[in-house]
Amino acid sequence: VRYYSLPLKPRANTYSDLVINEVGGRVGIGTNSPGAKLEVAGSIMVSGRITRPDGIIYSMIPICIGVAAASGGLRGHSGGVIATNHTTVGVYTFLKDGVLPNSVTIVTSNGRNDVVFKVNCGSGAFTVESYTTSGTPIDTDFSFVVYGSS
């Protein structure tokens, strides 16, 4: 860590772990020349939410990820996701605490370019519907990421 005294004055030694730019008011972690108010070169972990100055709260940290099989089961997932019975062609429902009606969900097909998805999020659950580009329901493998919001 590069330490600065008040007023902010760098010591002679140079390190690249933490940089506080007195002139630009920028902080860099893992970079000597931060290009924003906070720049991190590497992975970060956030246990809370990200709040914008206008008061809108976003949590763009995934609350669950997974790979669903065409049969309705899960091939892989983050902890706590439960696949429910898959009884309707092209309709998959998953249970996960923390999913809200306004959660952002991204779904991608696994190797197909003729499939479109519709996602509905509710309290503690989300449903993915898959269709061919002509609108016919289809069972298919897909991957998903659900982001929390409030």
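Details of the structure are given in the entry above.
Residues numbered from 1 in each chain as written. Predicted model: local features only at pLDDT ≥ 70, side-chain atom pairs only at ≥ 80, totals over all residues. Heavy atoms only, no water.

Examining the overall build of the protein chain
Turning to step 1, where the next piece is worked out: Secondary structure summary: the protein chain contains zero helices and 14 strands in total.
Turning to step 2, where the next piece is worked out: Listed N to C, the secondary structure of the protein chain is β-β-β-β-β-β-β-β-β-β-β-β-β-β in terms of helices and strands.
Turning to step 3, where the next piece is worked out: Here the protein chain holds 150 residues, and 26% of them are scored as buried.
Turning to step 4, where the next piece is worked out: Long-range pairs, those at least 24 residues apart, make up 42% of the contacts in the protein chain between residues at least 6 apart in sequence.
Turning to step 5, where the next piece is worked out: When the accessible surface of the protein chain is totalled, it reaches about 9,200 Å², and 55% of it is carbon and sulfur. (Helix = DSSP H or I, 4+ residues; strand = E, 2+ residues; numbered from the N terminus. Buried < 20%, exposed > 50% of the residue type's maximum accessible area, 1.4 Å probe, protein only. Contact = heavy atoms within 4.5 Å. Areas by Shrake-Rupley, 256 points an atom, 1.4 Å probe, with all protein chains shown as cover.)

Overview of the state of the cysteines
Turning to step 1, where the next piece is worked out: Under the counting rule described, the total for this entry stands at zero disulfides.
Turning to step 2, where the next piece is worked out: This cysteine, Cys64, is not joined by any disulfide, and Cys121 carries the nearest cysteine sulfur, 8.7 Å off.
Turning to step 3, where the next piece is worked out: Cys121 sits in the buried class, given a relative accessible area of 18%. (Disulfide = S-S within 2.5 Å.)

Description of the sheet that holds strand β9 (residues 82-83)
Turning to step 1, where the next piece is worked out: Ordered in space as β9-β10-β13-β12, the four strands form an open sheet in which the pairing is antiparallel. Here the strands that pair on one side only, and so sit at the sheet edges, are β9 and β12 (115-122).
Turning to step 2, where the next piece is worked out: Across eight bridges, β12 lies against strand β13 (residues 125-132) in antiparallel orientation. Along β13, the bridge assignment pairs Cys121 with Phe126. (Pairing = 2+ DSSP bridges.)

Focus on the packing of aromatic side chains
Turning to step 1, where the next piece is worked out: Applying the stated criterion to the full structure yields seven aromatic pairs.
Turning to step 2, where the next piece is worked out: With a centroid separation of 5.1 Å and 25° between ring planes, the pair formed by Phe94 and Phe126 is classed as stacked. You can see Phe94 sitting in strand β10 (residues 91-95) and its partner Phe126 sitting in strand β13, a full 32 residues away along the chain.
Turning to step 3, where the next piece is worked out: Each residue in the set Tyr92, Phe94, Phe117, Phe126, Phe142 and Phe144 is aromatic and connected to the rest through ring pairs, giving one cluster. (Phe/Tyr/Trp six-rings, centres within 6.5 Å; stacked < 30°, edge-to-face > 60°.)

Regarding a nonpolar patch on the surface
Turning to step 1, where the next piece is worked out: Residues Ile29, Leu38, Val40 and Ile44 make up a contiguous nonpolar surface patch of roughly 360 Å² in combined accessible area.
Turning to step 2, where the next piece is worked out: On the secondary structure map, Val40 appears in strand β5 (residues 38-40). (Patch = residues over 30% accessible without salt bridge, like charges linked within 9 Å, V, L, I, M, F, W, Y side chains within 5 Å. Salt bridge = Lys/Arg side-chain N within 4 Å of Asp/Glu carboxyl O.)

Quick look at the nonpolar core
Burial of nonpolar side chains together is a common tendency in soluble globular proteins.
Turning to step 1, where the next piece is worked out: Residues Cys64, Phe94, Phe126, Val128, Phe142, Phe144 and Val146 are the most contacted members of the largest nonpolar core, which totals 13 residues.
Turning to step 2, where the next piece is worked out: Those elements that provide at least two residues to this core are β7 (57-68), β10, β13 and β14 (142-149).
Turning to step 3, where the next piece is worked out: The element contributing the most residues to this core is β14, with three residues. (Core = buried A, V, L, I, M, F, W, Y, C linked by side-chain atoms within 4.5 Å.)

Things to note about the pattern of salt bridges
Turning to step 1, where the next piece is worked out: One pass over the full model with this rule turns up two salt bridges.
Turning to step 2, where the next piece is worked out: Here Arg75 and Asp141 are joined by a salt bridge, their closest N and O atoms 2.9 Å apart. Residue Arg75 is located in strand β8 (residues 74-77), and its partner Asp141 is located in the loop between β13 and β14; the two are separated by 66 residues in the primary sequence.
Turning to step 3, where the next piece is worked out: For Arg112, the salt bridge is made with Asp114, and the minimal N-O distance between the two is 2.9 Å.

As for the side chain of Thr132
Turning to step 1, where the next piece is worked out: Position of Thr132 among the secondary structure elements: in strand β13.
Turning to step 2, where the next piece is worked out: Overall, the relative accessible area of 17% leaves Thr132 in the buried class.
Turning to step 3, where the next piece is worked out: Side-chain polar atoms of Thr132 contact the side chain of Ser134, separated by 2.9 Å.
Turning to step 4, where the next piece is worked out: Setting aside chain neighbours within four positions, we find Thr132 in contact with Asp114, Val116 and Ile138. (Polar contact = N/O pair within 3.5 Å; in protein donor to acceptor, adjacent residues only side chain to side chain.)

Here's the deal with the environment of Pro137
Turning to step 1, where the next piece is worked out: Checked against the element boundaries, Pro137 lands in the loop between β13 and β14.
Turning to step 2, where the next piece is worked out: Sequence separation between Pro137 and Thr88 is 49 residues, and the spatial gap between their C-alpha atoms is 9.0 Å.
Turning to step 3, where the next piece is worked out: In this structure Pro137 touches Val89, Ser130 and Tyr131, once residues within four positions along its chain are discounted.

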